[in-house]
Amino acid sequence: MAITATISVPITSPTRRSLASFNFFQSYSRSILATRQSTFKYPNSCMVASSMKTETPAKTTSSTSFLHQKESGFLHFAKYHGLGNDFVLIDNRDSSEPKISSEKAVQLCDRNFGVGADGVIFVLPGINGTDYTMRIFNSDGSEPEMCGNGVRCFAKFVSQLESLHGRHSFTVHTGAGRIVPEVLEDGNVKVDMGEPILKASDVPTKLSPNKDHAAVKSEIDVDGVIWNVTCVSMGNPHCVSFSRKGVQNLIVDELNLAEIGPKFERHEMFPARTNTEFVQVLSNSHLKMRVWERGAAETLACGTGACATVVAAVLEGRAGRNCTVDLPGGPLQIEWKDEDNHVYMTGSADLVYYGSLPL
Ligand SMILES: N[C@@H](CCC[C@H](N)C(=O)O)C(=O)O
């Protein structure tokens, strides 16, 4: 099969993983049409959502951009990552149905035979009064309700599509309800992730509630080992563990996630499967976390997981409401605010490259 792919690489140096993806194109393409470009091109905006808030909303007037190419038969995408949790982003603003199927998303996410990513994210028209809708397929093709690193990447992608600069925010409809990302002056993204769901049956978990309808520091038998877990939903389900029988504070680097992660993910106590966070407390405001994601295996970071971790740490009395969470891919700042019960996540989201593939 003759495949023609184009890639535009931003001036920032690509990560180890993106180089792998770049190599994929090199080996699979009969011709590579585009190489490095030294500046981003910000196109004219074709759709700016009504409730979008911008401070100093400067719009450039440069004519075309890679992302606005519309040849039929080609899928144009941007590859982004949030702390190494990487995604293929697709501009789907002209239709409320995703441009590709979940099966195709699985192929794209394959790190050997595809682009390579933890998920595929679509920017769709807003519903219920929001500016946009975000949908996502995990790398196994399942569709989660929400993705924290993904929504930061989504925000940066929308900023590029709409040529927005300076500080600005917009509303995003997700399976977890209305989420509000705000792109900050320094390029980081702060996201109002809404309220955590603690009622055990809503997480969902079959573990018996033991504190205000929530499962907090509950015992669970995973293949003969007794772990303590607190279950939290950030729209998607999380099971957070700081300890297991005989070990009061986990040393997360010692854990074999490839072995234990799948056993949590498909444990009978989690009817919708679960994401699992393994957490080491470094101080009252500093946590170290590794994650086994539902539908995506171990990833370098998980935004909803970091939020669930801070909520669980507060519920177990292990840390305060404002924490830095160190993930294998880098840090996230998480605050569970007392005043409004919302969780706020701040972190980076970076463009890796643009690409095209035949559909
Ligand atoms: N990595 C994401 C979470 C993605 C969804 C998750 N795998 C699920 O199935 O719930 C994040 O940053 O939150």
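Residues numbered from 1 in each chain as written. Predicted model: local features only at pLDDT ≥ 70, side-chain atom pairs only at ≥ 80, totals over all residues.

A. Seen up close, the overall build of the protein. For the protein, the count of helices and strands is 5 helices and 22 strands. In the protein, which comprises 359 residues, the proportion classed as buried is 48%. For the protein, contacts bridging at least 24 residues in sequence account for 67% of all contacts bridging at least 6. (Helix = DSSP H or I, 4+ residues; strand = E, 2+ residues; numbered from the N terminus. Buried ≥ 20, exposed ≤ 12 C-beta atoms within 10 Å, placed from the backbone. Contact = placed C-beta atoms within 7 Å.)

B. Structural view of the site of the ligand. Pro144, Asn149, Asn236, Gly303 and Thr304 are the nearest of the 18 residues found near the ligand. Elements with a minimum of two residues in the shell around the ligand: helix H3 (148-161) and helix H5 (303-315). Within the shell around the ligand, the residues separate by chemical class into 4 nonpolar, 12 polar and 2 charged. A domain split of the shell around the ligand shows at least three residues from each of domain 1 (4-193 + 349-358) and domain 2 (200-341). (Near = placed C-beta within 6 Å. Nonpolar A, V, L, I, M, F, W, Y, C, P; charged D, E, K, R; others polar. Domains from an automatic or database assignment.)

C. Layout of unusual backbone geometry. Across the junction of Val203 and Pro204, the peptide omega takes the value 0°, indicating a cis bond. By the element assignment, Pro204 lies in the loop between strand S12 (189-192) and strand S13 (218-222). One non-glycine residue, Arg273, lies in the positive phi region at around 60°. Relative to the elements of secondary structure, Arg273 occurs in the loop between helix H4 (257-265) and strand S16 (275-283). What makes Arg273 partly exposed here is the crowd of 18 C-beta atoms within 10 Å. One non-glycine residue, Ala297, adopts positive backbone phi at about 65°. Relative to the helices and strands, Ala297 resides in strand S18 (residues 297-299). Judged by local crowding, Ala297 falls into the partly exposed class, with 17 C-beta atoms found within 10 Å.

D. Region of the structure containing the nonpolar core. Core analysis: the largest hydrophobic core is formed by 94 residues, its most contacted members being Leu89, Val120, Phe154, Ala306, Cys307 and Val310. Split by domain, the residues of this core number at least three in each of domain 1 (4-193 + 349-358) and domain 2 (200-341). With residues up to four places along the chain from it excluded, the contact list for Cys307 reads Gly148, Met193, Met234, Ile334, Val343 and Met345. (Core = buried A, V, L, I, M, F, W, Y, C linked by C-beta atoms within 7 Å.)

E. Up close: the packing of H3 against H5. Across the interface, H3 lies against H5 with an axial gap of 5 Å and an inter-helix angle of 130°. Judged on the interaxial angle alone, H5 and H3 are oblique. Contacts between H3 and H5 involve Gly148, Asn149 and Arg152 from the first element and Gly303, Thr304, Ala306 and Cys307 from the second. Partitioning the contact of H3 with H5 into residue classes produces 2 nonpolar, 4 polar and 1 charged. (Axes fitted to C-alpha atoms, helices over the stretch in contact; angles between N-to-C directions. Parallel < 35°, antiparallel > 145°, perpendicular 65-115°, else oblique.)

F. Highlighting the domain arrangement of the protein. Under the domain assignment, the protein is made up of domain 1 (4-193 + 349-358) and domain 2 (200-341). Taken together, the contact pairs 22 residues of domain 1 with 18 residues of domain 2. At 3 residues, H3 tops the list of elements feeding residues into the side of domain 1 that touches domain 2. Its residues assigned to classes, the side of domain 1 that touches domain 2 comprises 6 nonpolar, 12 polar and 4 charged.

G. Representation of the environment of Gln69 in the model. Along the chain, Gln69 turns up in the loop between strand S4 (53-54) and strand S5 (74-82). For Gln69 and Ser356, which are 287 residues apart along the polypeptide, the C-alpha to C-alpha distance reads 9.6 Å.

H. Examining the pairing of S13 more closely. Taken together, the 5 bridges between S13 and strand S14 (residues 225-233) define a ladder with antiparallel strand orientation. Following the sheet pairing, Ser218 is matched in S14 by Val229. Connecting S13 to the next strand, S14, in antiparallel fashion are 2 residues, including Asp223 with a positive phi near 55°. (Pairing = 2+ DSSP bridges.)

I. Examining the environment of Val352 more closely. On the secondary structure map, Val352 appears in strand S22 (residues 350-358). A count of 24 C-beta atoms within 10 Å places Val352 in the buried class.

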